[in-house]
Amino acid sequence: MKRILVAFYSHTGKTKKVAKQIHSIVGGDVYEIIEQNQYPRDFDTVVEQAKHEIAKGYQPTLKGDLPEISEYDVIFVGSPNWWNTIAPPLSTFLSSADFTGKTIIPFITHGGGGLNRTISDIEKLAQDATVLNGFDANNADHVSEWLKTLNLLESQ
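Predicted model, so just to flag it, every value in this text is computed and none were measured. The written sequence of each chain sets the order in which its residues are numbered from 1. Under the rules for a predicted model, residues below a pLDDT of 70 receive no local features and side-chain atom pairs below 80 are neither given nor counted, while totals for whole chains, interfaces and linings still include all residues. Hydrogens and water are ignored here; the side-chain numbers use all heavy atoms of the structure.

## Examining the overall build of the chain
- Looking only at helices and strands, the chain has 5 helices and 7 strands in total.
- A run of DSSP states H or I qualifies as a helix once it reaches four residues; a run of E qualifies as a strand once it reaches two. Both are numbered from the N-terminal end. Put simply, the chain runs from its N terminus to its C terminus through helices and strands in the order β-α-β-α-β-β-α-β-α-β-β-α.
- As defined in this context, the radius of gyration uses C-alpha atoms, and a globule is described by 2.2 Å times the residue total to the power 0.38. Here the C-alpha radius of gyration of the chain, 15 Å, is about what a compact globule of 156 residues would show, namely 15 Å.
- Its C-alpha atoms give the chain principal-axis dimensions of about 45 × 30 × 25 Å.
- Three exposure classes are used, based on accessible area relative to the maximum for each residue type with a 1.4 Å probe and protein chains only: buried under 20%, partly exposed in between, and exposed over 50%. Within the chain, buried positions represent 47% of all 156 residues.
- Sequence-distant contacts in the chain: of pairs separated by 6 or more residues, those separated by 24 or more amount to 78%. It only takes one pair of heavy atoms within 4.5 Å for two residues to be counted as in contact.

Right, here's the structure in full:
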């Protein structure tokens, strides 16, 4: 039986909704990635801050303890697409643990920007993991259909 973790960063709640759907189907544990100094709620302010952080490669400090990645076989990772890449808090999460031998399954929410370089950026941060094709989670109605295509879940 595969041990599963659903880890995600969500600023507006859209990615959290998808993470909950995934968890309700695959089970396992859930870990919400929360930055120590939370992003502003004002759209223009968060846009400016996040663009600057991404351009600088900034990785914010996370709140609380990280899960023990060694305890999991499969890690679903979720993030909004922020300017063609993952949100900085997910970057911090992926840089903070050893994902050697793990299977990472990305799911990305967005406002129309697609996956862009989110998957390749996840692969760079978790180099020794197997990163499966990402799920364009813009339409949460298709989560269960997508999960059925993952052969690794059938062995549970």
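Anyway, onward from the coordinates.
## Things to note about the pairing of strand 2 (residues 29-32)
- In this analysis, strands are considered paired if DSSP registers two or more bridges between them. When strand 1 (residues 4-8) meets strand 2, the two strands line up parallel, connected through 4 bridges. When the bridges of strand 2 are listed, Phe8 appears paired with Glu32.
- Call a crossover right-handed when, viewed with both strands pointing away from you, the route from the first strand across the helix to the second goes clockwise. Remark: the strand 1/helix 1 (residues 14-26)/strand 2 crossover connection has right-handed handedness.

## Brief notes about the packing of aromatic side chains
- Planes of paired rings set the category: under 30 degrees apart is stacked, over 60 is edge-to-face and the rest tilted, where pairs are Phe, Tyr or Trp rings (Trp by its six-membered ring) whose centres lie within 6.5 Å. Evaluated as defined, the whole model comprises 8 aromatic pairs.
- Site record: aromatic cluster; members linked through ring pairs are Tyr9, Tyr39, Trp82 and Trp83.

## Brief notes about the environment of Ala137
- In this structure, Ala137 sits in the loop between strand 7 (135-136) and helix 5 (143-148).
- A sequence separation of 17 residues divides Ala137 from Ser120, and the C-alpha atoms of the two residues are 17 Å apart.
- Apart from residues lying up to four places away in sequence, Ala137 is in contact with Val18, Phe107, Ile108 and Thr109.

## Description of the layout of surface pockets
- Each pocket or cavity is described by its volume, and for the largest pocket that value is around 310 Å³.
- Taken together, the elements giving at least two residues each to the lining of the largest pocket come down to helix 1, helix 2 (43-56) and strand 3 (74-82).
- The biggest single contributor to the lining of the largest pocket is helix 2, with 4 residues.
- Polar here means any residue outside two lists: the nonpolar Ala, Val, Leu, Ile, Met, Phe, Trp, Tyr, Cys and Pro, and the charged Asp, Glu, Lys and Arg; Gly therefore counts as polar. Partitioned by chemical class, the residues of the lining of the largest pocket number 7 nonpolar, 8 polar and 2 charged.
- Quantified by volume, the second largest pocket comes out at close to 200 Å³. The way it works is a 1 Å grid over only the protein atoms, where trapped points that fit a 1.4 Å probe form a cavity and open points with protein on both sides within 12 Å along at least five of seven lines form a pocket, and then any residue with an atom within 4 Å of a point lines it. Grid points are joined across faces, edges and corners, and a volume is the space filled by probe spheres set on the points.

## Quick look at the nonpolar core
- Here the nonpolar core consists of buried residues drawn from Ala, Val, Leu, Ile, Met, Phe, Trp, Tyr and Cys, with membership extended through side-chain atoms lying within 4.5 Å. Ranked by internal contacts, the top residues of the largest apolar core, which has 28 residues, are Phe93, Leu94, Phe99 and Ile104.
- At the level of elements, strand 1, helix 2, strand 3, helix 3 (88-95), strand 5 (103-109) and helix 4 (118-125) are the ones that each hand at least two residues to this core.
- With residues up to four places along the chain from it excluded, the contact list for Phe93 reads Leu5, Ala7, Tyr31, Ile33, Leu62, Leu66, Pro67, Ile69, Val77 and Phe99.
- Listed in part, the 17 residues of the second largest apolar core include Ile4, Phe76, Ile105 and Leu150.

## Some remarks on the side chain of Lys102
- Tracing the backbone through its elements, the reader meets Lys102 in the loop between helix 3 and strand 5.
- Only four residue types enter the charge count: Lys and Arg as positive, Asp and Glu as negative, with His and the chain ends excluded. The salt bridge criterion pairs a side-chain nitrogen of Lys or Arg with a carboxyl oxygen of Asp or Glu, the two atoms within 4 Å. Buried and unpaired, Lys102 has no salt bridge, with Asp73 as the nearest side chain of opposite charge at 5.2 Å.
- Lys102 has contacts with Ile69, Ser70, Tyr72, Asp73, Ile75, Ala129 and Thr130, leaving out every residue within four places of it along the chain.

## Description of the pattern of salt bridges
- Scanning the model with the defined rule gives 4 salt bridges in all.
- For the salt bridge of Asp73 with Arg3, the shortest nitrogen-to-oxygen distance reads 3.3 Å. Linking Asp73 in the loop between helix 2 and strand 3 with Arg3 in the segment before strand 1, this pair joins segments that are 70 residues apart in sequence.
- According to the relative accessible area criterion, Asp73 is partly exposed, its value standing at 25%.
- Asp121 is paired through a salt bridge with Arg117; the nearest N and O atoms lie 3.0 Å apart.
- You can call Asp121 buried: its relative accessible area is 11%.
- Several salt bridges converge on common partners, so that one network encompasses Arg117, Asp121 and Lys124.

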